[in-house]
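Geometric and topological summary
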Amino acid sequence: MISLSLSAILPYLLMGARWTLLLSAIAFLGGGTGAFLLLLLRYGQPRFGAKAVHLYVEVLQGTPLLLQLFLVFFGLPLLGVEVSPLLAAGVALTLYASAFLAEIWRGCVDAIPHGQWDASGALGLKFLLQMRYVILPQALRIAVPPTVGFLTQLVKATALASIVGFEELTKAGQIVTNATFQPFVIYGLVAAIYFTMCYPLTFCARILERKLSQSR
Amino acid sequence: MQTQSNPTPSENPPTMIELRRVSKWYGEFQALKEVSLTVRKGERVVICGPSGSGKSTVIRCINRLEQHQEGQILVEGVELTPGFKNIELIRREVGMVFQQFNLFPHLTVLQNLTLAPQRVRKLSRKKAEELAMEYLTRVRIAEQAHKYPSRLSGGQQQRVAIARALCMEPHVMLFDEPTSALDPEMIKEVLDVMIELAEDHMTMICVTHEMGFARTVADTVVFMDHGQVVEVAPPKTFFSNPKNERTKLFLSQVLVH
């Protein structure tokens, strides 16, 4: 058993946390972009787009993220694509987040009264203009809480990337624990670091919510 | 004002909208049964009938908020075929006012009015705002321009909705029960605006239960029941000498007071 001081452990964990942040950022941006495209596909013409999106969402919601991670990590090499753990985790989390965010945002768009589509359509606005100026600004307001809720889950879900050998925060915690045999202290510390990453998200969301509801 | 317009529509004004044996189904339910209707330029048509008779469906088919399945609909000579592209080009010429107003709650009154002129007609912001203020003044609500719709009364909201449609400078206006969601004391302010529009020779198709409006403003009254056009007549004949039994029954029910 090696005895390490906190001042030695913490920097090591923070190095891992850096990767967690990077992975989260990739999943946010990739997932957000993907979900946005899925949303347009779902509501736009032609109609089979909606069916395809529905199927995609069903499949990704109905399978464990862990298995999606495995399938990308072991599946892409079969197609001749070399994948690093970061790339595999980034791709898997992007696919996963796209599906969930698309479904969350669909609920928000569906919550907008149908009269808003009628009125904007009757004025001659095309689909993308309706979305841009009428539907999405209203949907955004109700989308903030569930979206942020999901993003905090996503930050924590990056821990699964440790399973394909990616050395993010949880993996770093495991490594340190194996050396120090102080699981409670180390994992407590790891949890605290996750919390400090998630808290600003919910905090910003509250401010954003307040701002959006004032603009009425 | 109802007297100077010719009681029998002359052959001169061109046809604006024509429906030829239009049918529509919602699943098993047939909402429209071979509806035929011709509306000429400057004509003011009121469609009445019991609820569920297909009145709203007819006008929603004219700007394709609903699609018909059989028959033909022509708007200014252009047929709305099943795969019709660029429906926006038709819609910008056909204004519509809804029962529930459907103003955009996240935009101010002024922004509600300028959105489509800026984005669809590509007017500059300044031009669009001038136009908007002109129509807001016309519906006597200019002082509310910078408020959000939720701050206005129902009657004011509906007048804003009318102004919003007029900002596209449409050739035809469709009204889908514009006063049905209003408190009684606000109905008049909306009807007054509509009467002024009619006096300016706007082509109008209006689904309404306001029989007084039909009597004074309409050139033609259409009575619908069970998805069919039952009777078409000038208001004078329609109210004093209805031909069809169903029309008589309907009128006896709505004109009791």
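Sequence order as written defines the numbering, with residues in each chain counted from 1. Think of it this way: whatever chain is written first is A, whatever ligand is written first is 1, and the rest follow in order. pLDDT decides what is reported in this predicted model: residues at 70 or higher carry local features, side-chain atom pairs at 80 or more are listed and counted, and totals for whole chains, interfaces and linings draw on all residues regardless. As a rule here, side-chain values come from all non-hydrogen atoms in the structure, and water together with hydrogens is ignored.

1. Concerning the overall build of chain B
- When helices and strands are counted, chain B shows nine helices and 10 strands.
- Just to be clear, the radius of gyration here is over C-alpha atoms, and the globule rule we use is 2.2 Å times residues to the power 0.38. Expected size for 257 residues packed as a compact globule is a radius of gyration near 18 Å; at 18 Å, chain B falls within 12% of this value.
- With the C-alpha coordinates aligned to their principal axes, the bounding extent of chain B is approximately 55 × 45 × 40 Å.
- We call two residues contacting when some pair of their heavy atoms lies within 4.5 Å. Looking at chain B alone, contacts between residues at least 24 apart form 66% of all its contacts between residues at least 6 apart.
- Carbon and sulfur atoms form 50% of the exposed surface of chain B, whose accessible area is close to 11,800 Å². Elements are defined by DSSP. Helices are runs of H or I of four residues or more, strands are runs of E of two residues or more, and each kind is numbered from the N terminus. For every accessible area listed, the method is Shrake-Rupley and the probe measures 1.4 Å; residues are considered covered only by the protein chains on display.

2. What about the pairing of strand E6 (residues 94-97) of chain B?
Residue and element names in this part refer to chain B.
- Taking every second residue as pointing to the same face, both faces of E6 are buried, with Val94 and Met96 on one and Gly95 and Val97 on the other.
- DSSP calls a pair of strands paired once it identifies at least 2 bridges connecting them. Of the strand pairs in this sheet, E6 and strand E7 (residues 172-176) are connected by four bridges, and their pairing is parallel. The residue bridging Val94 from the neighbouring strand is Val172, located in E7. Throughout, exposure labels follow a simple rule: accessible area from a 1.4 Å probe, protein chains only, divided by the maximum for the residue type, with under 20% read as buried, over 50% as exposed, and the rest as partly exposed.

3. Here we look at the interface of chain A and chain B
- Each partner contributes to the interface: chain A provides 18 residues, whereas chain B provides 23 residues.
- Between chain A and chain B, the buried area comes to about 1,900 Å², and carbon and sulfur atoms account for 64% of it.
- Basic side-chain nitrogens of Lys or Arg form a salt bridge, by our definition, when they fall within 4 Å of a carboxyl oxygen of Asp or Glu. Joining chain A to chain B, the criterion identifies one salt bridge.
- One salt bridge connects Asp118 of chain A with Arg60 of chain B, and the closest N-O pair in it is separated by 3.0 Å.
- Those elements that place two or more of their residues in the side of chain A that touches chain B are helix H5 (114-122) and helix H6 (127-157) of chain A.
- Sorting elements by how many residues they give to the side of chain A that touches chain B places H5 of chain A first, with seven residues.
- When residues are sorted by character, Ala, Val, Leu, Ile, Met, Phe, Trp, Tyr, Cys and Pro go into the nonpolar class, Asp, Glu, Lys and Arg into the charged class, and all the rest, Gly among them, into the polar class. By residue class, the composition of the side of chain A that touches chain B is eight nonpolar, seven polar and three charged. Once two parts are put together, the accessible area they lose, assessed with a 1.4 Å probe and summed over both, is termed the buried area.

4. What about the sheet that holds strand E1 (residues 15-26) of chain B?
Residue and element names in this part refer to chain B.
- One open sheet accounts for four strands, arranged E2-E1-E4-E5; its pairing is antiparallel. Each having just a single partner strand, strand E2 (29-40) and strand E5 (78-79) make up the two edges of the open sheet.
- As defined by bridge partners, E1 adjoins E2 across eight bridges and the pair is classed as antiparallel. Pairing of Leu19 across the sheet is with Leu37, part of E2.

5. Quick word on the confidence of the model for chain B
Residue and element names in this part refer to chain B.
- The predictor rates its confidence in each residue with pLDDT, a number between 0 and 100. Considering every residue of chain B, the mean pLDDT works out to 92; 95% of them sit at 70 or more.
- In this model residues 1-7 is a low-confidence stretch, pLDDT under 50, and it forms seven contacts with partners more than four residues away in sequence or in other chains.
- Both scores are given for the predicted complex: the pTM is 0.88, the ipTM 0.91.

6. Quick word on the sheet that holds strand E9 (residues 220-225) of chain B
All names here are of chain B.
- Read across the sheet, six strands follow the order E6-E7-E8-E3-E9-E10 without closing on themselves; strand pairing throughout is mixed. Only two strands of the sheet have a single neighbouring strand rather than two, namely E6 and strand E10 (228-233). Neighbour-to-neighbour, the strand axes of this sheet turn through a mean angle of 20°, independent of strand direction.
- Along the sheet, helix H6 (residues 184-199) makes contact with strand E3 (44-48), E7 and strand E8 (203-207), crossing E8 at roughly 145°. Axis definition: a line fitted to C-alpha atoms, limited for helices to the stretch in contact. Angles are taken between N-to-C directions and run from 0 to 180 degrees.

7. Some points on the packing of helix H4 (residues 85-110) of chain A against H6 of chain A
All names here are of chain A.
- Packing of H4 against H6 leaves a shortest axis separation of 9 Å and a crossing angle of 140°. Here H4 is positioned oblique relative to H6, judged by the angle of their axes. Note on packing geometry: the crossing formed by H4 with H6 is right-handed. Contacts from Leu93, Tyr96, Ala97, Phe100, Leu101, Ile104, Trp105, Cys108 and Val109 in H4 reach Ile135, Leu136, Ala139, Ile142, Ala143, Pro146, Thr147, Phe150 and Leu154 in H6.
- Each residue belonging to the contact of H4 with H6 can be placed in one class, and the counts come to 17 nonpolar, one polar and no charged. Working definition: roughly parallel below 35 degrees, roughly antiparallel above 145 degrees, roughly perpendicular at 65 to 115 degrees, and oblique for all remaining angles. Whether a crossing is left-handed or right-handed is set by the direction in which the near helix is turned from the far one by less than a right angle, anticlockwise for left-handed and clockwise for right-handed.

8. Focus: the nonpolar core
- Ranked by size, the top nonpolar core spans 78 residues in total, and within it Ile17, Leu19 and Ile47 of chain B carry the most contacts.
- At 11 residues, H4 of chain A tops the list of elements feeding residues into this core.
- In contact with Ile17 of chain B, not counting residues within four places along its chain, are Leu37, Thr38, Val39, Ile62, Leu74, Val75, Val172 and Ile205 of chain B.
- What makes a nonpolar core is a set of buried Ala, Val, Leu, Ile, Met, Phe, Trp, Tyr and Cys residues whose side-chain atoms join them at distances within 4.5 Å. Grouped together as the second largest cluster of nonpolar side chains are 50 residues, Cys48, Leu182, Met211 and Ala233 of chain B included.

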